[in-house]
Amino acid sequence: MPAHPDVRGFFDPATHTVTYLVSDPATGQAAIIDPVLDYDAASARTSTGSVDAVMSALREAGLTLAMVLETHAHADHLTAADHLRRSEGVPIGIGERITKVQATFAPLFDAHDVTPDGVVFDRLHADGDAFPLGALTAEVIHTPGHTPACVSYRIGDALFTGDTLFMPDYGTARADFPGGDARTLYRSIQKLLALPDETRIFVGHDYLPAGRNEFRFETTVGDQRVNNIHIGGGTSEEAFVAMRETRDATLKAPQLILPALQINIRAGALPPPEPDGRRFLKIPLNTI
Ligand SMILES: [Fe+2]
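Residues numbered from 1 in each chain as written. Predicted model: local features only at pLDDT ≥ 70, side-chain atom pairs only at ≥ 80, totals over all residues. Heavy atoms only, no water.

1. Concerning the coordination of the iron ion
- Around the iron ion, the protein supplies His72 (NE2), His146 (NE2) and Asp163 (OD) as donor atoms, at distances of 2.0 to 2.3 Å.
- Considered as a linear motif, the donors of the iron ion on their single chain read H-x73-H-x16-D. Residue His146 is located in the loop between β11 (136-142) and β12 (151-155), and its partner Asp163 is located in the loop between β13 (158-162) and α4 (182-193); the two are separated by 17 residues in the primary sequence.
- Looking at His146, the relative accessible area reads 5%, which means it is buried. (Donors = N, O, S within 2.8 Å, 3.2 Å for Na, K, Ca; no water. Helix = DSSP H or I, 4+ residues; strand = E, 2+ residues; numbered from the N terminus. Buried < 20%, exposed > 50% of the residue type's maximum accessible area, 1.4 Å probe, protein only.)

2. Re helix α3 (residues 98-108)
- Every buried residue belonging to α3 is among Ile98, Val101, Gln102, Phe105 and Ala106, and all of these are buried. When α3 is viewed along its axis, its buried side chains cluster within an angular range of 115° and face the same direction.
- Turning to α3, the residues buried within the fold contact β8 (92-95), β9 (123-125) and α7 (257-264). (Arc of directions from axis to C-beta. Contact = heavy atoms within 4.5 Å.)

3. So, the UniProt feature "domain: Metallo-beta-lactamase" (unreviewed entry) in the protein chain
- In the numbering adopted here, UniProt assigns the feature "domain: Metallo-beta-lactamase" (unreviewed entry) to residues 16-205.
- From the first C-alpha to the last, residues 16-205 spans 5 Å; its make-up is 23% helix and 32% strand. (UniProt positions renumbered as here; feature names shortened; annotations may be inferred.)

4. What to know about the sheet that holds β13
- With mixed pairing, the six strands of this open sheet are ordered in space as β10-β11-β12-β13-β14-β15. One side of each edge strand has no neighbouring strand; the edge strands of this open sheet are β10 (130-133) and β15 (218-220). Along the sheet, successive strands turn relative to each other by an average axial angle of 30°, direction set aside.
- Looking at chain direction, β13 and strand β14 (residues 200-203) are connected through four bridges and run parallel. Counted as the bridge partner of Gly162 is Val203 from β14.
- Its contacts with the sheet put α4 on β11, β12 and β13, and the angle it makes with β11 is roughly 150°. (Pairing = 2+ DSSP bridges. Axes fitted to C-alpha atoms, helices over the stretch in contact; angles between N-to-C directions.)

5. A look at the nonpolar core
- Of all hydrophobic cores here, the largest spans 41 residues; its most connected members are Leu21, Ile32, Leu58, Leu65, Leu84, Val101 and Leu261.
- Counting residues per element, the ones that place at least two in this core are β3 (29-33), β4 (36-40), α1 (49-60), β6 (64-69), α2 (81-88), β8, α3 and α7.
- Counting 38 residues, the second-largest nonpolar core is a separate cluster that includes Ala66, Val151, Phe240 and Val241. (Core = buried A, V, L, I, M, F, W, Y, C linked by side-chain atoms within 4.5 Å.)

6. Details of the side chain of Glu70
- Relative to the helices and strands, Glu70 resides in the loop between β6 and β7 (78-79).
- No salt bridge is formed by the buried Glu70; the nearest opposite charge belongs to Arg85, separated by 9.3 Å.
- Within the local environment of Glu70, its side chain forms a polar contact with the side chain of Thr79, the two groups lying 2.2 Å apart.
- Setting aside residues up to four positions removed in sequence, Glu70 forms contacts with Asp34, Pro35, Thr79, Ala81, Ile92, Gly93, Ile94, Gly95, Val151 and Tyr153. (Lys, Arg positive; Asp, Glu negative; His and termini not counted. Salt bridge = Lys/Arg side-chain N within 4 Å of Asp/Glu carboxyl O. Polar contact = N/O pair within 3.5 Å; in protein donor to acceptor, adjacent residues only side chain to side chain.)

7. Some words on the sheet that holds β3
- Strands sit in the order β1-β2-β3-β6-β8-β9 across an open sheet of six strands; the sheet is mixed. The sheet is open, and its two borders are formed by β1 (6-12) and β9, each paired with just one other strand. Between one strand and the next, the sheet's axes are offset by a mean angle of 25°, whatever the strand orientation.
- Across seven bridges, β1 lies against strand β2 (residues 17-23) in antiparallel orientation. Following the sheet pairing, Asp12 is matched in β2 by Thr17.
- Contacts from α1 reach β1, β2, β3 and β6, with the element oriented near 155° to β1.
- In this fold α2 packs onto β3, β6 and β8, with an angle of close to 150° to the strand it touches most, β6.

8. Things to note about the layout of surface pockets
- When its volume is computed, the largest pocket comes out at roughly 660 Å³.
- As for the largest pocket, its lining consists of 34 residues, and the residues nearest its centre are Thr15, Asp76, Tyr207, Pro254 and Gln255.
- Listing elements by their share of the lining of the largest pocket, those giving two or more residues are β4 and α6 (237-248).
- Take the lining of the largest pocket: its biggest share by element is four residues, from β4.
- Across the lining of the largest pocket, the residue classes break down as 17 nonpolar, nine polar and eight charged. (1 Å grid on protein atoms, 1.4 Å probe; cavity = no way out; pocket = protein on both sides within 12 Å on 5 of 7 lines; lining within 4 Å. Points joined across faces, edges and corners; volume = space filled by probe spheres on them. Nonpolar A, V, L, I, M, F, W, Y, C, P; charged D, E, K, R; others polar.)

9. Digging into the pattern of salt bridges
- Under the counting rule described, the total for this entry stands at 19 salt bridges.
- With its nearest N and O atoms 3.0 Å apart, the salt bridge here joins Arg85 to Asp82. Here Arg85 pairs with Asp82, and both are found in helix α2, just three residues apart, close to one helical turn. Pair check on accessibility: Arg85 and Asp82 agree, each one buried.
- In this structure, Lys282 and Asp110 form a salt bridge, with 3.0 Å as the shortest nitrogen-oxygen distance. With a gap of 172 residues between them, Lys282 in the segment after α7 and Asp110 in the loop between α3 and β9 connect regions that are remote in the sequence.
- Overall, Lys282 belongs to the partly exposed group, its relative accessible area being 40%.
- Because the salt bridges share partners, they merge into one network encompassing Asp82, Arg85, Arg86 and Asp122.

Put into structure tokens, the structure is as follows:
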């Protein structure tokens with residue numbers, strides 16, 4: 001029997017993101033996956049209410065935060081990973097291909113402080129890497145497609161897919177960002193669907209599809225394999241790619257893509273200050 005970590009999801013209604021608190025029941029060691037840094041676009045003000053709520057729950061449960069894990073560099077929300085690193089003294093892990101994402105986006109944002117080597121993150125995880133979380137073992141599965149650096153984390157019977165799979169009635173994430181690819185996404189998802197049917201899947205976002213009126217973010221491999229509207233029931237690679245590319249051609253840029261990516265390629269750190277101490281985002285015109 002695989003280990004059964006405790007998992008709590010925290011849904012952020014502003015960005016439809018789910019942050020997970022996953023912990024080892026035996027030791028109380030915990031990881032936070034994909035924490036959100038709140039951002040008010042109109043005032044360009046960041047705040048930490050969402051991640052504070054996760055930390056309050058962690059403390060109430062008597063858990064100890066051991067690490068932050070990112071499934072990828074998100075385009076729809078800012079990450080609170082650096083905030084947790086500074087406030088809790090924990091390392092940040094992400095897929096090693098984050099270097100490709102940094103190489104793409106650092107020039108776009110004129111971010112001279114960002115070197116495309118991943119050093120602003122603490123741990124760069126390769127496909128197949130394993131590391132302990134208390135007495136549990138976390139395994140890294142490289143699942144590119146949505147972005148080239150996406151990873152899924154398998155911890156006991158729990159699988160955290162980020163944006164590689166959404167709920168079965170919503171389907172899958174777009175694959176049209178730089179370095180994204182629908183065919184690659186299909187093949188990554190096949191790796192996940194080959195895991196045992198009873199594996200619990202925790203998805204990175206939920207958006208209410210027609211016919212559902214409550215947010216959900218937990219499903220199983222077996223449910224996805226049969227019921228996922230984009231890829232379940234033995235959907236072929238060609239059919240998936242055609243569907244995904246047709247749909248992606250209709251999607252607008254995510255609302256927070258410009259602030260999010262320039263913060264997230266810095267692991268959530270704000271851009272360096274100007275001589276007078278103020279910090280600025282850069283908004284490239286007519287580029288995305
Ligand atoms: Fe994403």
